[in-house]
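Structural overview for review
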Amino acid sequence: MDSNLGYAGGAPKARLPLLQRIGTQRVVRFLFGSAATISTLVIVLMLVFLGIYAFPAIRFNGLGILTQSVWNIGDQYGSGHVVRAGITAMQGAQFGGLVFVFGTVVTAFVAMLFAVPLSLLVAVALVYRVPPRLRPLVNAVVELMAGVPSVVYGLWGIVVLVPFIGQRLGPWTTEHLGFLPFLGGPAGSGNGLLASSVLLSLMAMPFMVATIRDVILAQEKSIFEASMALGSTSWQAVTKAVMPSVTNGIFAAVLVALGRALGETMAVLMVCGGAVGIFAQNIFQSVNTIAAVIVSQLESALTDPTGLAQKSLAELALMLFVITLFVNIVARLILHGADRSGEA
Amino acid sequence: MTTSIAPSATHTKLDIRALNVYYGAFQAIQNASLAVPDHCVMALIGPSGCGKSTFLRALNRMHDLQPGTRVEGKVLLDGSDIYAPGIDAVAIRHRIGMVFQRPNPFPKSIFDNVAYGPRLHGTQDKKTLMEIAERSLRSAALWDEVKDRMDKSALTLSGGQQQRLCIARCLAVDPEVVLMDEPASALDPIATSKIEDLIDGLKDKYTVVIVTHSMQQAARISDFTAFFLMGELVELSTTSEIFTKPKDKRTEDYITGRYG
Ligand SMILES: Nc1ncnc2c1ncn2[C@@H]1O[C@H](COP(=O)(O)OP(=O)(O)O)[C@@H](O)[C@H]1O
Ligand SMILES: [Mg+2]
């Protein structure tokens, strides 16, 4: 309790103001500490709540939620029931989530394929190529893009992106480049994997650009100059010295962005095509993600008198939660490691 | 350690003529001319902010990297102007190396730090790189301390070791001139004296221009000393002369401690 005051010897502690007696540092540490504890607690409580709520579905579905691709809430008007593991569902009910897990992972992954190289390029250009006078403008655009609500991205997707893919890009690509993997077959309406991934990448980019830019700026000057002074070109300095020294930070930024893309709901819901029970064979066809299906299937799930459809959606939500939590924790650990190796 | 050779008496390695450096509209160096003889140590001294770093960075075209900075005048390396049209700044920096005020090793292994430059310039053979690394680390008086942990991160070294690593990294590309900007200012006295000792050994192979804000250091390690004040080169002399019988009143004031 009084370790902060050790130097004071026998000084009359009672006369010091309260804050000083406890130690300002300690108060701050307590506040931050309790904030961290509370948010951790909230996360744990949410996990527990979701787990308890979804528990009947977990028992009923078993591994099927991950291995099966048919999502059918059963015959809501009949009177037949199926019972599995002691849990009752409507006749014909089958809750296979594979299509949604697949869609979630693939849309986010393809989005990262677009967004990571582009964000790297933009961030590097921002640090090295954009004239200082223009930098505030570009930075402002990046911040603005980050602040646009996802429903606006979705609307732009519906009005501009989907027609473009459905009427031009898709037909042309499947006809001329159809021999390549994931490009052949029917092009579809434009709603689907490509549209979802493009939106996701646009939404991920502002965060990634800003973070990668800051990570580079934190290291950049001394490393860049060190390399230049050895007779490197500026391209060599960036690629061989600066970038390798910021890979951890970049990797963490990508993971945080990935975590967000995995859980992004509204924009994807608007352009994904809402695939149920079918896998996309090429980048133009319909997909569905966990987040999108929870929203789109909720209404019909609520009509299930056994309640198992809702609980199965909750099970999907739990899975999404665990996946994004995992991705974020890995990102934190990497950043933490990067901080420590930078301390020297 | 100081000699009595006048700057003109031997081969001139660097000949700086009427150098002006501007940061935007602000002129940081005013019409400075100065010759650095081959195989000697030239110290640049002067109060903080007088333009020592600015002058030094003009000698290997580091100012090119910062938009808005402008250099006028000539810097002749072995008689040819490094600012002449068509001259590649990258090639110049290969010949004129630089050690910075704060140790700035790459977050790579000790070996990869020293091998970085040679690799850039085309040496890939591991054995050759190892020989270069050993030779450079020996010149930087660091070999004995790191020879058993060449693949450990450079960031595990102490500040003084990191700075010697940066010196080794610079020597590994075999420069002709080594520029040092207060290389010991962030270090403790023991690390500082190690650096001072090794600088003396560099003269055989290299020409050294070193910025220092410590007059004692300049006196200990340099053959010639140039005194700068507010962007102006006030006086250039052999080190012994400048500290015993300065010609300019301002130099005298400075070395007797009348400026900060
Ligand atoms: N990048 C810069 N932009 C504008 N002014 C600068 C810059 N770097 C240095 N200066 C100014 O130029 C003058 C000389 O600086 P510097 O060469 O760093 O001095 P020294 O190394 O002798 O301490 C100082 O007045 C400083 O404020
Ligand atoms: Mg300086």
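Residues numbered from 1 in each chain as written. Chains lettered and ligands numbered in written order. Predicted model: local features only at pLDDT ≥ 70, side-chain atom pairs only at ≥ 80, totals over all residues.

**Focus on the overall build of chain A**
Each helix and strand in chain A was counted, giving 12 helices and four strands. A globule of 344 residues ought to have a C-alpha radius of gyration of about 20 Å, yet chain A, at 26 Å, is considerably larger. On the principal axes, the C-alpha backbone points of chain A span a range of 80 × 60 × 30 Å. Per-residue burial over chain A gives 37% buried out of 344 residues. (Helix = DSSP H or I, 4+ residues; strand = E, 2+ residues; numbered from the N terminus. Rg over C-alpha atoms; globule rule 2.2 N^0.38 Å. Buried ≥ 20, exposed ≤ 12 C-beta atoms within 10 Å, placed from the backbone.)

**Quick look at the overall build of chain B**
Helix and strand counts for chain B come out as 10 helices and 10 strands. For chain B, with 260 residues in total, the buried portion stands at 46%.

**Observations concerning helix 8 (residues 234-245) of chain A**
All names here are of chain A. Helix length check: helix 8, at 12 residues, gives a terminal C-alpha distance of 15 Å against a target of 16 Å (1.5 Å per residue), a fit within 8%. Of all the positions in helix 8, only A237, A241, V242 and S245 are classed as buried. Seen from one end, helix 8 has its buried residues packed into an arc of 85 degrees, which puts them on one side. Here the buried face of helix 8 lies against helix 7 (193-228). (Expected span 1.5 Å × (residues − 1). Arc of directions from axis to C-beta. Contact = placed C-beta atoms within 7 Å.)

**Some details on the site of ligand 1**
All names here are of chain B. For ligand 1, the full set of nearby residues is Y23, F26, A28, G46, S48, G49, C50, G51, K52, S53 and T54. Mapped by element, the contributors of at least two residues to the shell around ligand 1 are strand 2 (26-37) and helix 1 (52-58). Broken down by element, the residue count for the shell around ligand 1 peaks at three residues, all from helix 1. (Near = placed C-beta within 6 Å.)

**With respect to the sheet that holds strand 7 (residues 177-181) of chain B**
Hydrogen bonding along the main chain pairs the strands of a sheet, whether they run parallel or antiparallel. All names here are of chain B. Taken in spatial order, the six strands line up as 6-7-8-3-9-10 in an open sheet, and their pairing is mixed. Because the sheet does not close on itself, it has two edges, and the strands there are strand 6 (96-99) and strand 10 (232-238). Direction aside, neighbouring strands of the sheet carry axes that sit 15 degrees apart on average. One ladder, built from four bridges, connects strand 6 with strand 7; its direction is parallel. By the bridge assignment for strand 7, G97 is matched with V178. (Pairing = 2+ DSSP bridges. Axes fitted to C-alpha atoms, helices over the stretch in contact; angles between N-to-C directions.)

**Remarks on the interface of chain B and chain A**
Chain B puts 23 residues into the contact, and the matching count from chain A is 17 residues. Here the element with the most residues in the side of chain B that touches chain A is helix 2 (residues 89-95) of chain B; it accounts for four residues. For the side of chain B that touches chain A, the class distribution of residues is 13 nonpolar, seven polar and three charged. (Nonpolar A, V, L, I, M, F, W, Y, C, P; charged D, E, K, R; others polar.)

**Comments concerning the nonpolar core**
L199 of chain A together with V208 of chain B are the most contacted members of the largest nonpolar core, which has 161 residues in total. A total of 20 residues in this core trace back to one element, the largest contributor, which is helix 7 of chain A. With residues up to four places along the chain from it excluded, the contact list for L199 of chain A reads Y153, G154, G157, A267, V268 and V271 of chain A. (Core = buried A, V, L, I, M, F, W, Y, C linked by C-beta atoms within 7 Å.)

**Considering the packing of helix 4 (residues 98-128) of chain A against helix 7 of chain A**
Residues and elements named next belong to chain A. Contact geometry of helix 4 with helix 7 gives a least axis separation of 6 Å together with a crossing angle of 35 degrees. Considering only the axes of helix 4 and helix 7, their crossing is right-handed. Taken together, the residues of the contact of helix 4 with helix 7 break down into 22 nonpolar, five polar and two charged. (Left-handed = near helix turned anticlockwise from the far one by under 90°.)

**Section: helix 7 of chain A**
Note on helix geometry: an α-helix contains 3.6 residues per turn, so any two residues three or four positions apart are oriented the same way. A rise of 1.5 Å per residue sets the reference length of helix 7 of chain A, with its 36 residues, at 52 Å; its end C-alpha atoms lie only 43 Å apart and thus fall more than 12% short of the reference. The axis of helix 7 of chain A is deflected most strongly, by about 60 degrees, at E220 of chain A. (Bend = angle between axes of the 7 residues up to and from the residue.)

**A few points about the sheet that holds strand 1 (residues 12-23) of chain B**
All names here are of chain B. Spatially, the four strands line up as an open sheet ordered 2-1-4-5, and their pairing is antiparallel. Of all strands in the sheet, those bounded by a partner on one side alone are strand 2 and strand 5 (80-81). Pairing of strand 4 (residues 69-77) with strand 5, which is carried by two bridges, proceeds in the antiparallel orientation. Considered in strand 5, the bridge of L76 is made with D81.

**Comments concerning the environment of I82 of chain B**
All names here are of chain B. Relative to the assigned elements, I82 resides in the loop between strand 5 and helix 2. Here I82 falls in the buried class, since 23 other C-beta atoms lie within 10 Å of it. Taking C-alpha positions, I82 is 6.8 Å from I92, a pair spaced 10 residues apart along the chain. When neighbours within four sequence positions are excluded, I82 is seen to be in contact with R61, V75, L77, I87 and I92.

**Some details on the pairing of strand 1 of chain B**
Residues and elements named next belong to chain B. Where strand 1 and strand 2 come together, eight bridges link them in antiparallel fashion. Paired with D15 across the strands is A35, a residue of strand 2. Between strand 1 and strand 2, which pair antiparallel one after the other, the connecting turn spans two residues, and G24 there sits at a positive phi close to 60 degrees. Inspection of the sheet shows strand 1 paired to strand 4 by eight bridges, in the antiparallel sense. Across the sheet, the residue bridging to D15 is L76, located in strand 4.

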